[in-house]
Amino acid sequence: QVQLVESGGGLVQAGGSLRLSCAASGSVFGLISMGWHRQAPGEQRELVAGIASGGGTSYATSVKGRFTISRDNANNTVNLQMNDLKLEDTGVYFCAAVSSRMYTYWGQGTQVTVSS
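I will try to describe carefully the structure that is included in this document. (Residues numbered from 1 in each chain as written. Predicted model: local features only at pLDDT ≥ 70, side-chain atom pairs only at ≥ 80, totals over all residues. Heavy atoms only, no water.)

**Considerations on the overall build of the chain**
What counts, and what does not: A run of H or I in DSSP counts as a helix once it spans at least four residues, and a run of E counts as a strand once it spans at least two, with each numbered from the N terminus. Here the globule rule reads 2.2 Å times residues to the power 0.38, and the radius of gyration is calculated from C-alpha atoms. Each residue's exposure class comes from its accessible area (1.4 Å probe, protein chains only) as a fraction of the maximum for that residue type: buried when under 20%, exposed when over 50%, partly exposed otherwise. Exposure was quantified through the Shrake-Rupley algorithm and a 1.4 Å probe, taking into account, for residues, occlusion by the shown protein chains and nothing else. Charged residues are defined narrowly, with Lys and Arg counted positive, Asp and Glu counted negative, and His plus the chain ends left uncounted. For the purpose of locating charges, the reference atoms are NZ of Lys, CZ of Arg, CG of Asp and CD of Glu.
Counting its secondary structure elements, the chain contains zero helices and eleven strands. In sequence order, the secondary structure elements of the chain are arranged as β-β-β-β-β-β-β-β-β-β-β. At 13 Å, the chain has a C-alpha radius of gyration in line with the 13 Å of a compact globule built from 116 residues. Considering only C-alpha atoms, the chain reaches an extent of 40 × 25 × 20 Å along its principal axes. A burial count over the chain gives 40% of its 116 residues as buried. Total accessible area on the chain is roughly 6,100 Å²; 50% of this is exposed by carbon and sulfur atoms. Side chains of the chain carry 8 positive and 7 negative charges; the gap between the two charge centres is 7 Å.

In structure tokens:
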């Protein structure tokens, strides 16, 4: 079992920045990737950024150049630095972790609201 706890969401004006953190605990050695997904009201959950155990990263086209995902293996933490936030970045952000058995664990989510 893996437990994920997110922090760092909040309200920010367009153009501002936020940093999300996800602390993983439990059977973290079996994880092959971690990432951040978001869900806007009335929309499906989408992958925002992911990072593999080897360090490779991937980003949704809409956030490339603005968001940076990083992983602190010593502390089992994944961070998402979000810069130049836009109104369309508003949503609930979920941390996710995928095990070697391809099972996905989810955090409880943290709200990010970008205002004009």
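**Quick word on the state of the cysteines**
Note: disulfide means a covalent bond formed between the sulfur atoms of two cysteine side chains. Condition: Disulfides are defined as cysteine sulfur pairs within 2.5 Å.
All chains considered together, the criterion is met by one disulfide. One disulfide bridge connects Cys22 with Cys95, the sulfur atoms lying 2.1 Å from each other. Judged by the sign of its S-S torsion, about -80°, the cystine formed by Cys22 and Cys95 is left-handed. One end of the pair, Cys22, is in strand β3 (residues 18–26); the other, Cys95, is in strand β9 (residues 91–99), with 73 residues separating them in the sequence.

**Observations regarding the nonpolar core**
Applicable threshold: Throughout, nonpolar core names a set of buried Ala, Val, Leu, Ile, Met, Phe, Trp, Tyr and Cys residues whose side chains join them through atoms within 4.5 Å.
Ranked by internal contacts, the top residues of the largest apolar core, which has 28 residues, are Leu4, Met34, Trp36, Phe67, Leu80, Met82 and Tyr93. Per-element accounting of this core gives the leading share, four residues, to β3.

**Some details on the sheet that holds strand β1 (residues 2–7)**
Rules: Pairing between two strands is assigned when DSSP locates at least 2 bridges connecting them. For helices, the axis comes from a line fit to the C-alpha atoms of the stretch in contact; other axes are also lines fit to C-alpha atoms, and the angle between any two N-to-C directions lies between 0 and 180 degrees.
An order of β1-β3-β8-β7 is seen for the four strands of this open sheet, with the pairing classed as antiparallel. Two strands bound the open sheet, and with one partner strand each, they are β1 and β7 (67–72). Geometrically, the sheet is characterised by an average inter-axis angle of 15° between neighbouring strands, direction not taken into account. Bridge count between β1 and β3: six bridges; the pairing is antiparallel. Bridging from a neighbouring strand, Val2 pairs with Gly26 of β3.

**What to know about the environment of Thr90**
Threshold: Pairs of residues are marked as contacts when any of their non-hydrogen atoms sit within 4.5 Å. Within 3.5 Å is the distance limit for a polar contact, defined as a pair of N or O atoms, with the added protein rule that one can donate a hydrogen and the other accept it, and that residues adjacent in sequence qualify only through two side-chain atoms.
With respect to the helices and strands, Thr90 occurs in the loop between β8 (77–82) and β9. Taking the C-alpha atoms as reference points, Thr90 and Arg38, 52 residues apart in sequence, are found 8.5 Å from one another. Sequence-distant contacts of Thr90, defined by excluding residues within four places in its chain, comprise Ala40, Gln111, Val112, Thr113 and Val114. Separated by 2.9 Å, the side chain of Thr90 and the backbone nitrogen of Val114 make a polar contact.

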